[in-house]
Amino acid sequence: MSKAKPRTFFRLILWEIESCLNLPILSLIVASAIFAVLVQSSYAWTLANSYLNLYSGASTIFLILTLVASTLFSHSFAGSLGRGELKRMLSYPVKRWQIFISKVIALTLIVFVAYASAFTLNLYLSSLSLLEPMFYVSLFNMFLHLLLVCTISVCISMVSKSELMSILVSFLLVLGLDNAFDARSYFTSSGRFRYIFGYFEQLTHPNVSIFGMVVDKPVTVEQVTVSIALPLLITAIALTASFVYFTRKMEVD
């Protein structure tokens with residue numbers, strides 16, 4: 001690989017990040033992240049188990065994160081096709097794989113940093129220590145969900161090439177899965193979070209853990225493994241397929 005290719009790739013990442021840092025996109029991302037944290041449900045737990053507020057408010061954060069991520073990724077992928085931006089970019093000495101990967105990295109980074117930063121408000125609101133392990137478990141769950149939404153939005157953008165259609169289908173598909181299956185299903189964001197949160201709660205808070213609030217019975221290694229592996233596997237397969245289609249098959253009008 002020539003020295004020009006890495007420079008071009010990182011410039012594309014910076015260009016994508018800068019486009020997200022412009023108003024009003026950045027304001028909407030940050031405002032949605034703060035709103036998602038502030039409106040989440042919280043309960044007057046004792047100081048020993050106030051970390052359970054992280055679990056009680058997860059569904060609200062996942063819902064708003066799904067809408068924001070679907071909108072942002074659809075705007076970048078399907079929107080760039082509709083506005084002719086992708087065609088103009090390909091007229092320069094850049095490769096399709098550079099454009100695809102730079103968009104995924106930049107957008108995922110922007111959304112996750114914004115939501116992770118806002119999520120730290122929980123440390124103050126729930127009187128949690130910065131060393132609280134369940135805080136980082138919740139962040140990891142948020143990242144897994146973001147990867148899944150990112151993958152779905154990119155795939156639908158490749159097929160529809162319509163920004164509005166991609167936003168609606170991506171959001172409704174994730175929301176539909178969460179409502180079509182039982183709350184304990186691995187196919188729902190709440191189900192996967194339930195098992196991952198419950199498993200690490202058993203390890204880190206064995207004396208104050210309230211299993212009735214998170215899971216009906218102790219979580220097994222198999223359950224937490226499936227909850228982590230499933231979104232990662234879907235992301236790997238679907239993003240690879242989208243990457244191959246974007247770089248080799250897709251026609252840019």
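Higher on the page you've got the structure.
Keep in mind that what you see is a predicted model, and the values were worked out from it rather than measured.

Asks: What's the story with the overall build of the chain in this structure? I'm lost.
Replies: A count of helical and extended segments in the chain gives 12 helices and 0 strands. Reading the helices (α) and strands (β) of the chain from amino to carboxyl end gives α-α-α-α-α-α-α-α-α-α-α-α. In the chain, which comprises 253 residues, the share counted as buried stands at 47%. For the chain, contacts bridging at least 24 residues in sequence account for 76% of all contacts bridging at least 6. When the accessible surface of the chain is totalled, it reaches about 12,700 Å², and 69% of it is carbon and sulfur. In the chain, the 17 positive side-chain charges and the 12 negative ones have mean positions that sit 14 Å from each other.

Asks: Honestly, the packing of helix H2 (residues 25-38) against helix H6 (residues 96-119) in this entry has me stumped. Any pointers?
Replies: Angle between the axes and distance between the axes: these two values describe a pair of packed helices. Close contact between H2 and H6 brings their axes to 9 Å; oriented N to C, the two are set at 40°. Here H6 runs oblique to H2, going by the angle between their axes. In terms of crossing hand, the pair formed by H2 and H6 is right-handed. Residues Ile29, Ser32, Ala33, Ile34, Ala36 and Val37 of H2 form the contact with H6, whose participating residues are Ile110, Ala114, Tyr115, Ala118 and Phe119. Along the lines of polarity and charge, the residues of the contact of H2 with H6 split into 10 nonpolar, 1 polar and no charged.

The rules behind these values
- Residues numbered from 1 in each chain as written.
- Predicted model: local features only at pLDDT ≥ 70, side-chain atom pairs only at ≥ 80, totals over all residues.
- Heavy atoms only, no water.
- Helix = DSSP H or I, 4+ residues; strand = E, 2+ residues; numbered from the N terminus.
- Buried < 20%, exposed > 50% of the residue type's maximum accessible area, 1.4 Å probe, protein only.
- Contact = heavy atoms within 4.5 Å.
- Areas by Shrake-Rupley, 256 points an atom, 1.4 Å probe, with all protein chains shown as cover.
- Lys, Arg positive; Asp, Glu negative; His and termini not counted.
- Charge placed at Lys NZ, Arg CZ, Asp CG, Glu CD.
- Axes fitted to C-alpha atoms, helices over the stretch in contact; angles between N-to-C directions.
- Parallel < 35°, antiparallel > 145°, perpendicular 65-115°, else oblique.
- Left-handed = near helix turned anticlockwise from the far one by under 90°.
- Nonpolar A, V, L, I, M, F, W, Y, C, P; charged D, E, K, R; others polar.

Honestly, that's just the spatial picture; any functional story needs more than this.
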